[in-house]
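The primary structure of each chain is shown beneath.
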There are 2 protein chains.
Amino acid sequence: MRVPRRGGKYEEDRREAVEIFKEVECVVFEQDTKKEVGRSCALSASPHAAGAGPGPGENQTTAIIDVNPPRGTRDFPPDDMRLRTWLFHNFREVARLFAFEEVDFPVLESEALFIRKAGEEITEQLYSFEDKGGRRVALRPELTPSLARLVIQKGKSVSLPLKWFAIGQCWRYERTTRGRRREHYQWNMDIIGVPGVAAEAELIFSIVTLFKRLGLTASDVGFKVSSRKVLQAVLQCYSIPENLFGEVCVIIDKMEKVPLSEIEKKLTSIGISLEAIKGLVQVLSLKSLPQLEELLGAAGDAVADLKQLFILAEQYGYSQWIHFDASVVRGLAYYTGIVFEGFDRQGNLRAICGGGRYDKLLSTFGGDDIPACGFGFGDAVIIELLKDKGLLPMLTHTVDDIVFPLDLELQGPAAMVASTLRQKGRSVELVLENKRLKWVFKHAERINASRLILVGDSEWQRGMVRVKNLSTREEQDLKVDELE
Amino acid sequence: MRVPRRGGKYEEDRREAVEIFKEVECVVFEQDTKKEVGRSCALSASPHAAGAGPGPGENQTTAIIDVNPPRGTRDFPPDDMRLRTWLFHNFREVARLFAFEEVDFPVLESEALFIRKAGEEITEQLYSFEDKGGRRVALRPELTPSLARLVIQKGKSVSLPLKWFAIGQCWRYERTTRGRRREHYQWNMDIIGVPGVAAEAELIFSIVTLFKRLGLTASDVGFKVSSRKVLQAVLQCYSIPENLFGEVCVIIDKMEKVPLSEIEKKLTSIGISLEAIKGLVQVLSLKSLPQLEELLGAAGDAVADLKQLFILAEQYGYSQWIHFDASVVRGLAYYTGIVFEGFDRQGNLRAICGGGRYDKLLSTFGGDDIPACGFGFGDAVIIELLKDKGLLPMLTHTVDDIVFPLDLELQGPAAMVASTLRQKGRSVELVLENKRLKWVFKHAERINASRLILVGDSEWQRGMVRVKNLSTREEQDLKVDELE
C-alpha cells in the first residue's frame, strides 16, 4: 500500500482501500474449520454419524419471554448506562472533594428496619415480602436506616465524626398503575457525630458543588430550608404530646399536594385541636426568618439553628442558593432539626433532593444517642432537569483503535497487535469475524475509533501493520513495537 | 505563631502548637447559640415555655434492631467498599481495553426468565417470590438471561457484534444453613453476534489481562477448556435424544462433587443407558486434544473449535494459561459450544470464573438465532485467592487537606478556605466541631491527610492561613489565594 501524504484525500484513499480488499468476502470465520464428518465415532459399538441430528441446545423448548424489564424497572442499555456512570461519577467526585468515604448495604433488608408507625408514604409503599424461610424482608426504600444500622454495628471501632456516602438502588411498591417507577438510584451523604449546623451547611454546600459541576446555577435551582424544631415549638405551644410529633410532620408534609380540609381532617383524627392546626398553618406559611423570630421568639433552637446556617452559607458563598421556607417539612418521620430540599426554580419538577438532621434515629434503633444528618439525591429528577436545561452531556462509545485482520489467517497476528496496544492502555476493538473493509470503516465510525490498524499479509511479513488515523486521514506502515 | 525552619522539630512544634491552643476547649459548636428561652411563644393564647419538654423525635419508641445485615448478605463499610471499588475498577478498566460497553438490568426480574427445566442448581436456588400484584419475580441469580432479553428487545436497532459488560449483584436462596452467602457481585462480559471461537479467545484473553493486572501469573491460575460439542458427539454416538442434552450436562457437571454412583443413578433415571454413561465417563476423563481426536475423530466441530482456540491462544500469547480438560461442563443448561473455567492451580478454591458459548439462548427466548458467548466472574473467590497470595492492595482513606478553624468564629472562613481548595480539585476534610488541636492531629493521621490548614485569628486578619505539610513537617503562612 502507498503511504499518502498528510492531509486531504480521505475519500479517495478509502475507495482505493475498499477496492484493494474487495476480494475478501464476508466469510464466517469458523466455517473454514467445519468439514463433513468423515468417520464414525470410535466410542460406540453401534456407531451413528456424529454429524447428523440437531445441535446441542436445540433440545431447549422455545418459551417466548417478555422482553421488557418488570413493571416500573429499567434496563440500562449502553447509552443510558453512560449517562448513569457520568452522573454517579459526579456524585463520587463531589464526595471525594468533601472527604467522604463510600459505603454500601444490602438492597434487601429486614422489613423491621423500615417499619415506622408515623404513616409515611415510604413505609406504606414498602416493597416487602416473605422470604422462603418465613422472614419479612424488604427491598430498601431508602439508605439511611441501613447506614444507621451499620454505624451502630461498628460501635466504638470507628472514630466520630463519620462522613459516609452511598449510591444505591431504592425500591417502592405502588399499587397504583400510573406507570411511576418502582426503583431509582439515590446518592446519600451523611455526617455522623456532629451536633451543630456546620454539618448541614457542609452537606448543602456539597450539593451546591454538584449543581455547579453539572452546569446549574442559583437561578436554575435553590434550597428551601426550615427546621423541624419550628414545628416542635408550635406543638409545645399547644401542649400537643410529643409522641405525635413524627405523625404530625408526615401529615403536614403533604400540605402542598393534598387539600387543606384533608390535612385538617387527618390532624383532627389524631387529636390535634383546631386552634393548634391554625397555628401550624400560620407557621408553615412563613418565608422569612424575621417573621419566624417574631412568632417564636429569638431564643429557641429553631431560630438560632437557622440563623447560624444562613450565616455559614453566606461565608461559604452560597447564600443566593438558599432561603428559609417554613413549608418544608419532608416526609420522613425521623428528622429532628434542620430540613431542606433542593428544587428547580421553574417549579416544574418534584424535589431534586432532600435531607435533614436525624439526631434520634440511632437511639430509636437501640444505639447510642449520636447526632447525625444527611441527604438523599435521586437520579431521576436531576436528569429531567438537566434535559430541560439542555445540560445533558453527549456521551458516546469511543475506542482508541480498531484492529482488522485482512485475512482469516491473520486473526492471531491481529490479536497480538491488539494485545500490544492494550498493554499501552489503549482501548482496542478487535474485529473477530471476516468482514469487508467497508463494514470495518462503518463500524469504526459507529464506535468512534481514532485509528484503524490493518493487519495485512504483505505488511505482516515485514513485521508491520498499516495505521490509519481516522480523523486526519493519514496512513503509515509501522512496526508493531513502534505502535503507541 | 512562629514559622519554624525547614526540617526536623516536628514533635517540638507539635507540643508547642498543642500548648498554644490548649485553651480552646472541646466546646460543642451549637452550644454557643443555645440560650435559655426568654419569652413565651407568640402563637398561643395559653403559652407554654418553648424550651420545656422532650425534643422532637423523642416520640419514636425504641425498637432494638438487628445490627447485622440479613442472613447471607454483606454490608460494605469503608474498608470493604474500597476493596470492592478497586476490584470493580479493574473489571471496568479491562472492559475498556477490550472496547466493551457497560450495561445493566434490574436486580429484580420476572421469575420466568430464569426457569429452565434442566434441574440446574441456579434454578433450584432461585430467590423468587410473589410480588404484591401476584406476579412471580426473582432476584436475579445471574446476568446472562437479562442480557439476552435486552438484546432481543433492542432487535434491529443495534448493530452486531455487541460487546457488552455488566457488573451486578446476583442472588440465590439456599435452604441449607451452612452460612454460604446469598448474594455476590458478578462481572459479565459477552460478545453477541460472533459465531467463531475468535470470540471465546478474546474473552479468555480479557480475563488473562485482568489476572495480570491483579498480579496473578500462569503459575497461580489457569483455564480448563472444553466444548459442549464433545458431549453432544458422545450423546449422538449412543442415539440419545437431543432434548436430554441440557439435563445430561447439568448432571455430569456434578461429577467431581457427587459420587459416581449418584451421577449414574440420575442419568439412568432419565433414560441414559449404562453403555452411554460409560462412554460419557470415558470422554470426561480426557485431558489432551490428541486423545479427544482419537476418540471422536478429527472431523467434528468439537475438535476443530478447540484446536482453533488453542492456536489463537498461542498467537495471543496466553497458551501457558489454558489447557484442554473434558471434565469441564459448567452447570448452566444453555451452553452449546466452548465452555471454560478459571481455577487456582493450588486447587483450594471453587472456580474463579466460568463461561462459554450459548448460541441458542436468544432463540429459546423467542429472539433471532444470534450466536453469543460470555463469562461470569464473581467477586468472592478472586478476593480469597488474592488474599492467599498476599496480593490484596493496602487501600486507605486518604485526603489532601484537613482544614481546622482554631476558633468558633472562624468556622465560616475555614469553610471558605475548604471551598477554595476543593475548587482546585483537592479533597478536603473540614473540621465541623470545636476540637482540640491534639484531636485534629490524630484525626489527620487517621484519614492520611497530606496537609493541615490552620485557620487562626491573627493569620486570618492578614488574609492568611497556616499550612503544615504533614509528611515533611514544614509549615508556612500562605494567602488563601496562594493555596494550591
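Small disclaimer: the values here were computed from a predicted structure and weren't measured.

Enquirer: Give a detailed account of the overall build of chain A, specifying residues and quantitative values.
Expert: Helix and strand content of chain A: 16 helices and 16 strands. In chain A, which comprises 484 residues, the proportion classed as buried is 61%. Considering only residue pairs separated by 6 or more positions, chain A has 68% of its internal contacts joining residues 24 or more positions apart. Surface accessibility of chain A: about 19,500 Å² in total, with carbon and sulfur atoms responsible for 49%.

Enquirer: Describe in detail the state of the cysteines, supporting the description with residues and values.
Expert: One pass over the structure, following the stated rule, counts 0 disulfides over all chains. Residue C170 of chain A stays outside any disulfide, its sulfur separated by 14 Å from that of C353 of chain A, the closest cysteine. Owing to a relative accessible area of 1%, C170 of chain A belongs among the buried residues under this scheme. Residue C353 of chain B stays outside any disulfide, its sulfur separated by 14 Å from that of C373 of chain B, the closest cysteine.

Enquirer: Could you give an account of the relation of the copies chain B and chain A, naming the residues involved and the relevant values?
Expert: In screw terms, the move from chain B to chain A is a rotation of 180 degrees and a rise of 0.0 Å along the axis, fitting with an RMSD of 0.0 Å. The operation mapping one copy onto its partner corresponds to a two-fold rotation axis. If distances are taken from each C-alpha of chain B to the rotation axis, the shortest is found for F129 of chain B, at 3.8 Å.

Enquirer: Quick one: what's the story with the domain arrangement of chain A, residue by residue and with numbers?
Expert: Taken as a whole, chain A is organised into domain 1 (6-42 + 396-482) and domain 2 (78-388). Computed over C-alpha atoms, the centres of domain 1 of chain A and domain 2 of chain A are 54 Å apart.

Enquirer: If you had to explain the pattern of salt bridges to someone new, which residues and values would you point to?
Expert: Residue and element names in this part refer to chain A. Counted according to the given criterion, the structure contains 69 salt bridges over all chains. With a closest N to O distance of 2.8 Å, R96 and E93 form a salt bridge. Here the residue R96 and the residue E93 both occupy positions in helix α2 (residues 78-97), the gap between them amounting to 3 residues, near one helical turn. Notably, a salt bridge pairs R140 with D104, separated by 3.6 Å at the nearest N-O pair. With R140 in the loop between β4 (136-139) and α4 (144-154) and D104 in the loop between β1 (101-102) and β2 (108-110), this pair connects stretches of sequence that are 36 residues apart. Each of R462, R466, K468, E475 and D477 takes part in a single network of salt bridges with overlapping partners.

Enquirer: I'd love a proper account of the sheet that holds strand β15 (residues 464-469) of chain A, names of residues and values included.
Expert: Residues and elements named next belong to chain A. Within the open sheet, the 5 strands sit side by side as β13-β12-β14-β15-β16. Their pairing is mixed. Each having just a single partner strand, β13 (428-430) and β16 (475-479) make up the two edges of the open sheet. Sheet twist, expressed as the mean angle between neighbouring strand axes with direction ignored, is 25 degrees. Strand direction decides the pairing type here: strand β12 (residues 399-405) and β13, joined by 3 bridges, are parallel. Looking at β13, one finds that D401 is bridged to V428. Across the face of the sheet, helix α15 (residues 437-446) comes into contact with β12, β13, β14 (449-455) and β15 while running at roughly 170 degrees to β12.

Enquirer: Hey, could you go over the pairing of strand β5 (residues 162-171) of chain B for me, with residue numbers and the actual values?
Expert: Residue and element names in this part refer to chain B. In terms of residue burial, β5 counts as a mostly covered element, since 10 of its 10 residues are buried. Where burial is concerned, the two faces of β5 agree: the one with L162, W164, A166, G168 and C170 and the one with K163, F165, I167, Q169 and W171 are both buried. Sheet analysis places strand β1 (residues 101-102) next to β5, joined by 2 bridges and oriented parallel. In the sheet register, E102 faces β5, and the bridge partner there is F165.

Enquirer: Before we move on, can you summarise the sheet that holds β1 of chain B with the specific residues and values?
Expert: Residue and element names in this part refer to chain B. A sheet is described by the order of its strands in space; here 8 strands give the open sequence β1-β5-β6-β11-β10-β9-β7-β8, paired in mixed fashion. Lying at the two open borders of the sheet, with one neighbouring strand each, are β1 and β8 (322-324). Both strand β10 (residues 353-357) and strand β11 (residues 372-378) contribute to a ladder of 5 bridges, which runs antiparallel. Looking across to β11, one finds that G354 is bridged to G376. Contacting β7 (221-227), β8 and β9 (338-344), helix α11 (residues 301-316) runs over the sheet at an angle of about 150 degrees to β7.

Enquirer: Pulling in residues and values, what's your account of the side chain of R422 of chain A?
Expert: Mapped onto the fold, R422 of chain A is located in helix α14 (residues 411-423). Here V428 of chain A takes part through its backbone oxygen, which lies 2.9 Å from a polar atom of the side chain of R422 of chain A. For R422 of chain A, the contacting residues outside a window of four places in its chain are V428 and L430 of chain A together with L97, F98, E202 and F205 of chain B.

Enquirer: Could you give an account of the pairing of β12 of chain A, with specific residues and numbers?
Expert: Residue and element names in this part refer to chain A. Within β12, 6 of the 7 residues are buried, leaving the element largely enclosed by the surrounding structure. Where β12 lies against β14, 6 bridges are found, and the strand directions are parallel. Bridging from a neighbouring strand, V399 pairs with A449 of β14. On the question of chirality, the crossover connecting β12 to the parallel β13 by way of α14 is right-handed.

Enquirer: Provide a residue-level description of the packing of helix α10 (residues 289-296) of chain A against helix α11 (residues 301-316) of chain A, including the pertinent values.
Expert: Residue and element names in this part refer to chain A. One can describe the packing of α10 onto α11 by two numbers: an axis separation of 10 Å at closest approach and a directional angle of 160 degrees. When the interaxial angle is binned, α10 and α11 end up roughly antiparallel. Between α10 and α11 lies a crossing whose hand is left-handed. Along the contact surface, α10 presents L289, L292, E293 and L296, while α11 presents A302, V303, L306, K307 and F310. When its residues are assigned to classes, the contact of α10 with α11 shows 7 nonpolar, no polar and 2 charged.

Enquirer: Give me the lowdown on the packing of aromatic side chains, citing residues and values where you can.
Expert: What the rule picks out here adds up to 41 aromatic pairs over all chains. Seen in terms of ring centroids, F211 of chain B and F377 of chain B are 5.9 Å apart; in terms of plane orientation they differ by 50 degrees. Their pairing is tilted. Here F211 of chain B is found in helix α5 (residues 198-213), whereas its partner F377 of chain B is found in strand β11, with 166 residues between them in sequence. Accessibility assignment for this pair places F211 of chain B and F377 of chain B in one class, buried. Ring pairs connect the aromatic residues F76, F88, F91, Y185, W187, F211, F223, W321, F340, F375 and F377 of chain A, which therefore count as one cluster. Here R422 of chain A stacks its cationic end above the ring of F98 of chain B, 3.7 Å away from the centre of that ring. Across the ring face of Y185 of chain B, the terminal group of R84 of chain B is positioned such that the distance to the ring centre comes to 4.5 Å.

Enquirer: Please give an account of the environment of Q236 of chain B that cites residues and values.
Expert: Residue and element names in this part refer to chain B. With respect to the helices and strands, the residue Q236 is situated in helix α6 (residues 228-237). The class of Q236 is buried, set by a relative accessible area of 14%. A C-alpha to C-alpha distance of 83 Å links Q236 and L406, two positions 170 residues apart in sequence.

Enquirer: Got a sec to walk through the interface of chain B and chain A? Specific residues and values, please.
Expert: Contacts between chain B and chain A engage 156 residues on the former and 156 residues on the latter. Taken over both partners, the interface formed by chain B and chain A buries close to 12,800 Å², and the fraction arising from carbon and sulfur atoms is 57%. Taken together, the links from chain B to chain A amount to 10 salt bridges. Here D75 of chain A ties to R149 of chain B by a salt bridge, and the two come within 2.7 Å at their closest N and O atoms.

Enquirer: A description of the environment of G425 of chain B should follow, citing residues and the corresponding values.
Expert: Tracing the backbone shows G425 of chain B in the loop between α14 (411-423) and β13 (428-430). Each C-alpha atom, one on G425 of chain B and one on R116 of chain B, is 51 Å from the other, the two residues being 309 residues apart in sequence.

Enquirer: Could you give me a rundown of unusual backbone geometry, with the residues and numbers involved?
Expert: Residues L160 of chain A and P161 of chain A are joined by a peptide bond in cis, for which omega reads -5 degrees. Here P161 of chain A is to be found in the loop between α4 and β5 (162-171). Here A99 of chain B, not a glycine, exhibits a phi torsion of approximately 65 degrees, which is positive. With respect to the element layout, A99 of chain B can be found in the loop between α2 (78-97) and β1. Despite not being glycine, R473 of chain B has its phi angle at roughly 70 degrees, a positive value. By the secondary structure assignment, R473 of chain B is in the loop between β15 (464-469) and β16 (475-479).

Enquirer: Can you lay out the UniProt feature "binding site: L-histidine" (unreviewed entry) in chain A for me, pointing to particular residues and giving the numbers?
Expert: All names here are of chain A. With numbering matched to this structure, UniProt assigns "binding site: L-histidine" (unreviewed entry) to E142, L143, T144, R172, Q186, D190, R330, Y334 and Y335. The topology assignment puts D190 in strand β6 (residues 183-192). By relative accessible area, D190 is classed as buried at 2%. Within the element layout of this structure, Y335 appears in the loop between β8 (322-324) and β9 (338-344). The exposure class of Y335 is buried, given its relative accessible area of 5%. Among residues more than four places away in sequence, those in contact with Y335 are R228, F245, R330, G354, G355, G356, R357 and Y358.

About the criteria used
- Along each chain, numbering runs from 1 in the same order as the chain's sequence is written.
- Labels are handed out in written order, letters beginning with A for the chains and numbers beginning with 1 for the ligands.
- In view of the model being predicted, local features appear only for residues whose pLDDT reaches at least 70, and side-chain atom pairs are presented and counted only at 80 or more, with totals across whole chains, interfaces and linings using the full set of residues.
- Note that water and hydrogens are dropped before the side-chain values are worked out from all heavy atoms of the structure.
- By the criteria applied, helices consist of DSSP H or I runs no shorter than four residues and strands consist of E runs no shorter than two, each listed in order from the N terminus.
- Between buried and exposed lies partly exposed: a residue is buried under 20% and exposed over 50% of the maximum accessible area for its type, with that area taken using a 1.4 Å probe on protein chains only.
- Every residue pair with non-hydrogen atoms within 4.5 Å of one another is taken to be in contact.
- The Shrake-Rupley method, run with a 1.4 Å probe, gives the accessible areas here. Residue values count only the displayed protein chains as cover.
- Any cysteine sulfur atom paired with another within 2.5 Å is treated as part of a disulfide.
- To superpose the copies, least squares is applied to the C-alpha atoms of every residue with a pLDDT of at least 70 in both.
- For the purposes of this description, domain bounds are those given by an automatic or database domain assignment.
- Think of a salt bridge as a Lys or Arg side-chain nitrogen and an Asp or Glu carboxyl oxygen that are within 4 Å of each other.
- By this definition, two strands are paired if DSSP reports at least two bridges between them.
- Throughout, an axis means a line fitted to C-alpha atoms (over the contacting stretch in the case of helices), and angles, computed between N-to-C directions, take values from 0 to 180 degrees.
- N or O atoms closer than or at 3.5 Å make up a polar contact, with two conditions inside protein: a donor-capable atom paired with an acceptor-capable one, and, for residues adjacent in sequence, both atoms drawn from side chains.
- Orient the strands so they point away from the viewer, and a crossover whose first-strand-to-second-strand path over the helix runs clockwise is right-handed.
- Small angles under 35 degrees read as roughly parallel and large ones over 145 as roughly antiparallel, with 65 to 115 read as roughly perpendicular and the rest as oblique.
- Helix crossings are classified by the rotation of the near helix relative to the far one: an anticlockwise turn of less than a right angle makes the crossing left-handed, while a clockwise turn makes it right-handed.
- Gly falls in the polar group here, along with every residue not listed as nonpolar (Ala, Val, Leu, Ile, Met, Phe, Trp, Tyr, Cys, Pro) or charged (Asp, Glu, Lys, Arg).
- Aromatic pairs are defined between Phe, Tyr and Trp rings, using the six-membered ring for Trp, whenever the two ring centres lie within 6.5 Å; interplanar angles under 30 degrees are classed as stacked, those over 60 as edge-to-face, and all others as tilted.
- Should the NZ of a Lys or the CZ of an Arg lie within 6 Å of a ring centre and within 35 degrees of the ring normal, that charge is described as sitting over the ring.
- Once two parts are put together, the accessible area they lose, assessed with a 1.4 Å probe and summed over both, is termed the buried area.
- UniProt positions are given in the numbering used here, feature names are shortened, and annotations may be inferred rather than shown by experiment.

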